[in-house]
Amino acid sequence: MATMASLQSLTTFAKFPSFCSFSPNNNTFKFLDPFPSLSLSATPKRISNFVAKASSSTTAFPQDIGHVLGDVTIFTATGQSVKFQDLWDQNEGIAVVALLRHFGCPCCWELAKSLKETKERFDSAGVKLIAVGVGAPNKARILAERLPFPLDCLYADPDRRAYDVLGLYYGFGRTFFNPASAKVLSRFNELREATKNYTIEATPDDRSGVLQQGGMFLFKGEELLYAWKDEGTGDHAPMDDIFDICCKVPAV
C-alpha cells in the first residue's frame, strides 16, 4: 500500500511542466513542456568542475572559493546588477547562500517556502539569507509575488555564473534519473502546499536552465564553512545542519 501511495504521489507531478512524471507501468520517465526538444541524446552545456566525495564536504573547493564567488555578478529581483561580495560583510559576516535550480522548479518553490519560514531564525542569529535562482529577474519576481518570498533576499543568475563557479551539477541524468530525487516523495505535502500558486511562467526562457541543479553554502566572510551540492532534483540540504553550524559560529 505504501508503495502504491508513493507512485500515486509521484504521478501527480505531471501538473508541473518543469518537472517530470513517472509512469508506474513501464518504470520510465517521460518529458513534459516546457522543454519538449530535450532528449536522451541532449548534450549538457556545462560539466561540474568539482566533484565532492560527500554532499556536505568543503574539501572539493579551492580555499579561495569565497573570493572567487565574490567577484561574480548576479541581479536583484528588481533588475539591478550586484556582486556577491557586496551581499554580506566579506570579513566576518555570516551568510547562507541557497542556489535554487530555477524559478519554475516546483521543488525550489518548496525550498524557498522553507527558507522564508526560517528567515526569522537566521535573522536572530545574525545570518544573512541569500537565495539565488536560474532565470531573469522578472522570473524571480513571479516566485516572490506568488509564493510569496521576500524580494530583498532573492537574486537572479540567468547565465548560471555562480553555479559554474561552485561546480554545481548540471545535466539530463542529474535532473531526471538521480536516485537522490526520490527524497521528494517524503515531502509531498510540503511540496503541494508550497505550489498552491505555482505557474509555469516562472520557468527560464532559456530552457537549458531546467537541467541545472542547486546547492546550499554557508560562508563566514570569504571562508566556506559548509557546502551542499544537490545530487538530484529536490535533494536539498538538511536545514538542521545549517542551523547547527550557524549556532556554533559567533555572529558579528
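Residues numbered from 1 in each chain as written. Predicted model: local features only at pLDDT ≥ 70, side-chain atom pairs only at ≥ 80, totals over all residues. Heavy atoms only, no water.

By the naming in an unreviewed UniProt entry, the protein chain goes by Thioredoxin-like protein AAED1, chloroplastic and is assigned to Anisodus tanguticus.

**A few points about the nonpolar core**
Counting residues in each nonpolar core, the largest one holds 40 residues, and the members touching the most others are Val 96, Leu 115, Phe 122, Leu 143, Phe 149, Leu 154 and Met 216. Going through the elements one at a time, strand 5 (94-99), helix 3 (106-124), strand 6 (127-133), helix 4 (137-146), strand 7 (154-156), strand 8 (215-220), strand 9 (223-229) and helix 8 (239-248) are the ones with two or more residues in this core. When residues of this core are assigned to their parent elements, the largest contribution, seven residues, is made by helix 3. Aside from chain neighbours lying at most four places away, what touches Phe 122 is Val 96, Leu 115, Val 127, Leu 129, Met 239, Ile 242, Phe 243 and Cys 246. (Core = buried A, V, L, I, M, F, W, Y, C linked by side-chain atoms within 4.5 Å. Buried < 20%, exposed > 50% of the residue type's maximum accessible area, 1.4 Å probe, protein only. Helix = DSSP H or I, 4+ residues; strand = E, 2+ residues; numbered from the N terminus. Contact = heavy atoms within 4.5 Å.)

**A closer look at helix 3**
Taking 1.5 Å per residue as the helical rise, helix 3 with its 19 residues ought to reach 27 Å, and the 28 Å between its terminal C-alpha atoms agrees with that figure. Thr 118 marks the point of greatest bend in helix 3, at about 45 degrees. Every buried residue of helix 3 is accounted for by Pro 106, Cys 107, Cys 108, Trp 109, Glu 110, Leu 111, Ala 112, Leu 115, Thr 118, Lys 119 and Phe 122. Against strand 5, strand 6, helix 4, helix 7 (188-194), strand 8 and helix 8 lie the buried residues of helix 3. Where helix 3 ends, the next residue or the one after it, Gly 126, has phi of about 75 degrees, a positive value. (Expected span 1.5 Å × (residues − 1). Bend = angle between axes of the 7 residues up to and from the residue.)

**Here we look at the environment of Gly 167**
Tracing the sequence through the fold places Gly 167 in the loop between helix 5 (161-165) and helix 6 (172-176). The class for Gly 167 is buried, based on a relative accessible area of 1%. Note: C-alpha distance between Gly 167 and Ala 60 (107 residues apart in sequence) is 9.6 Å.

**A few points about the packing of helix 3 against helix 8**
At their nearest, the axes of helix 3 and helix 8 sit 12 Å apart, and the two run at 15 degrees to each other. Classified by the angle their axes make, helix 3 and helix 8 are roughly parallel. Crossing of helix 3 against helix 8: the hand is right-handed. Only Met 239, Ile 242, Phe 243 and Cys 246 of helix 8 make contact with helix 3, whose side of the interface consists of Ser 114, Leu 115, Thr 118, Arg 121 and Phe 122. A breakdown of the residues in the contact of helix 3 with helix 8 according to their chemical character gives six nonpolar, two polar and one charged. (Axes fitted to C-alpha atoms, helices over the stretch in contact; angles between N-to-C directions. Parallel < 35°, antiparallel > 145°, perpendicular 65-115°, else oblique. Left-handed = near helix turned anticlockwise from the far one by under 90°. Nonpolar A, V, L, I, M, F, W, Y, C, P; charged D, E, K, R; others polar.)

**Side note on the pattern of salt bridges**
The full count for this structure, using the stated rule, is ten salt bridges. Two residues, Glu 231 and Arg 174, come together in a salt bridge whose shortest N-O distance is 2.6 Å. One end of the pair, Glu 231, is in the loop between strand 9 and helix 8; the other, Arg 174, is in helix 6, and 57 residues separate them in sequence. Its salt-bridge partner being Lys 196, residue Glu 193 comes within 3.1 Å of it at the nearest N-O pair. Since its relative accessible area comes to 60%, Lys 196 is described here as exposed. (Salt bridge = Lys/Arg side-chain N within 4 Å of Asp/Glu carboxyl O.)

**A few points about the sheet that holds strand 4 (residues 81-83)**
Each strand in a sheet pairs with another by means of backbone hydrogen bonds, the pair being arranged parallel or else antiparallel. Read across the sheet, seven strands follow the order 4-3-7-6-5-8-9 without closing on themselves; strand pairing throughout is mixed. Only two strands of the sheet have a single partner each, and these edge strands are strand 4 and strand 9. Strand-to-strand twist across the sheet, computed as the mean angle between neighbouring axes with direction ignored, equals 30 degrees. Lying on the sheet, helix 4 is in contact with strand 3 (73-76) and strand 7; it crosses strand 7 at an angle near 150 degrees. Each of strand 5, strand 6, strand 8 and strand 9 touches helix 8; the most contacted strand, strand 8, lies at about 0 degrees to it. (Pairing = 2+ DSSP bridges.)

**Some points on the packing of aromatic side chains**
One pair of aromatic rings is described through two measures. These are the centre distance and the angle between the planes. This model, assessed by the stated rule, comprises six aromatic pairs. Ring geometry for Phe 61 against Phe 217: centres 5.8 Å apart, planes inclined by 90 degrees, an arrangement best described as edge-to-face. With Phe 61 in the loop between strand 2 (28-31) and helix 2 (65-70) and Phe 217 in strand 8, this residue pair connects regions lying 156 residues apart in the sequence. Look at Phe 61 and you get buried, because its relative accessible area is 7%. We classify Phe 217 as buried; its relative accessible area is 0%. With a centroid separation of 5.1 Å and 35 degrees between ring planes, the pair formed by Phe 122 and Phe 243 is classed as tilted. Highlighted residues: Phe 122 in helix 3 and Phe 243 in helix 8, separated in sequence by 121 residues. Here the aromatic residues Phe 172, Phe 176 and Phe 177 are joined through ring pairs into a cluster of three or more. The aromatic ring of Tyr 169 is capped on one face by Arg 174, whose charged end is 3.7 Å from the ring centroid. Taking NZ or CZ as reference, Lys 229 lies 4.5 Å from the ring centre of Tyr 169, over its face. (Phe/Tyr/Trp six-rings, centres within 6.5 Å; stacked < 30°, edge-to-face > 60°. Lys NZ or Arg CZ within 6 Å of the ring centre and 35° of its normal.)

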